[in-house]
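# Structure at a glance
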Amino acid sequence: QVQLVESGGGSVQAGGALTLSCAAFGDTFSSFGMGWFRQALGKEREFVAAIRWSSGSTFYADTVKGRFTISKDNAKNTAYLQMNSLSSEDSAVYYCAAHRVRIGLSRRPDDYYMWGQGTQVTVSS
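To start, this report covers the structure provided alongside it. Everything numeric here is computed off the predicted structure, so don't read it as measured data.

Time to look at the pattern of salt bridges. Taken as a whole and assessed by the stated rule, the structure comprises 6 salt bridges. Between Arg38 and Glu46 there is a salt bridge; the shortest N-O distance is 2.9 Å. On the basis of relative accessibility, which here comes to 29%, the residue Glu46 falls in the partly exposed class. The salt bridge partner of Arg67 is Asp90, with a shortest N-O separation of 2.9 Å. Of this pair, Arg67 sits in the loop between strand 6 (58-60) and strand 7 (68-73) while Asp90 sits in the loop between strand 8 (78-83) and strand 9 (92-99); the two residues are 23 residues apart in sequence, bridging distant segments of the chain. One salt-bridge network, in which partners are shared between bridges, spans Arg38, Glu46, Arg67 and Asp90.

Let us look at the environment of Gln1. Looking at where Gln1 falls in the secondary structure, it is placed in the segment before strand 1 (3-7). A relative accessible area of 95% places Gln1 in the exposed class. C-alpha of Gln1 to C-alpha of Gly26: the two residues are 25 residues apart in sequence and 5.9 Å apart in space.

Read from one edge to the other, the open sheet built from 4 strands follows the order 1-3-8-7, with strand pairing classed as antiparallel. Edge positions in the open sheet fall to strand 1 and strand 7, since each of these has one partner strand only. Neighbour to neighbour, the strand axes of the sheet diverge by 15° on average, direction disregarded. Direction of pairing for strand 3 (residues 18-25) relative to strand 8: antiparallel, over a ladder of 6 bridges. The partner of Leu18 across the bridge, within strand 8, is Met83.

To continue, consider the side chain of Ser106. Position of Ser106 relative to the elements: it lies in the loop between strand 9 and strand 10 (112-115). Under the relative-accessibility criterion, Ser106 is labelled buried at 9%. A distance of 2.5 Å separates the side chain of Ser106 from the side chain of Asp111, its partner in a polar contact. Apart from residues lying up to four places away in sequence, Ser106 is in contact with Phe47, Ala50, Phe59, His99, Asp111 and Tyr112.

Looking now at the nonpolar core. Counting residues in hydrophobic clusters, the biggest one holds 34 residues, and the most contacted among them are Leu4, Met34, Trp36, Leu81, Met83 and Tyr94. Elements with a contribution of two residues or more to this core: strand 3, strand 4 (33-39), strand 5 (46-52), strand 7, strand 8, strand 9, strand 10 and strand 11 (119-124). With sequence-adjacent residues up to four places away left out, Tyr94 is seen in contact with Glu6, Leu20, Trp36, Phe37, Arg38, Val48, Phe68, Leu81, Met83, Gly118, Thr119 and Val121.

Further remarks concern the environment of Gly118. One can find Gly118 in the loop between strand 10 and strand 11. In this structure Gly118 comes out as partly exposed when scored by relative accessible area, which is 26%. Taking the C-alpha atoms as reference, Gly118 lies 9.0 Å from Gly9; in sequence the two are 109 residues apart. Not counting residues within four places of it along the chain, the set of residues in contact with Gly118 comprises Glu6, Val93, Tyr94 and Tyr95.

Rules behind the numbers
Residues numbered from 1 in each chain as written. Predicted model: local features only at pLDDT ≥ 70, side-chain atom pairs only at ≥ 80, totals over all residues. Heavy atoms only, no water. Salt bridge = Lys/Arg side-chain N within 4 Å of Asp/Glu carboxyl O. Buried < 20%, exposed > 50% of the residue type's maximum accessible area, 1.4 Å probe, protein only. Helix = DSSP H or I, 4+ residues; strand = E, 2+ residues; numbered from the N terminus. Pairing = 2+ DSSP bridges. Axes fitted to C-alpha atoms, helices over the stretch in contact; angles between N-to-C directions. Polar contact = N/O pair within 3.5 Å; in protein donor to acceptor, adjacent residues only side chain to side chain. Contact = heavy atoms within 4.5 Å. Core = buried A, V, L, I, M, F, W, Y, C linked by side-chain atoms within 4.5 Å.

This is the structure we're talking about:
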């Protein structure tokens, strides 16, 4: 049995930075990669970034490209999301998810099979 647990959320000022972590707990964990999504109040869940375990290849949403960086530590079964130049539009609950096996990284929620419970990020303006 495996569960994903996000951490590192909190409240920051506009222009600030925050780093999120996603750890997979369990004796065995296997996935194609890891992804980050976010969901603001009253809005649909939105893809943020993804990374492949084997190669380290990354994929970013246009809204965060150049500001956010996704990384991983295979030995620790942990993925990270470094967020810079934050604005109020980045305020949301951030979720990590395990990626199904595919030809390449995906931005579709249906291509992920396990989800964490989320961590709140609030950016004040």
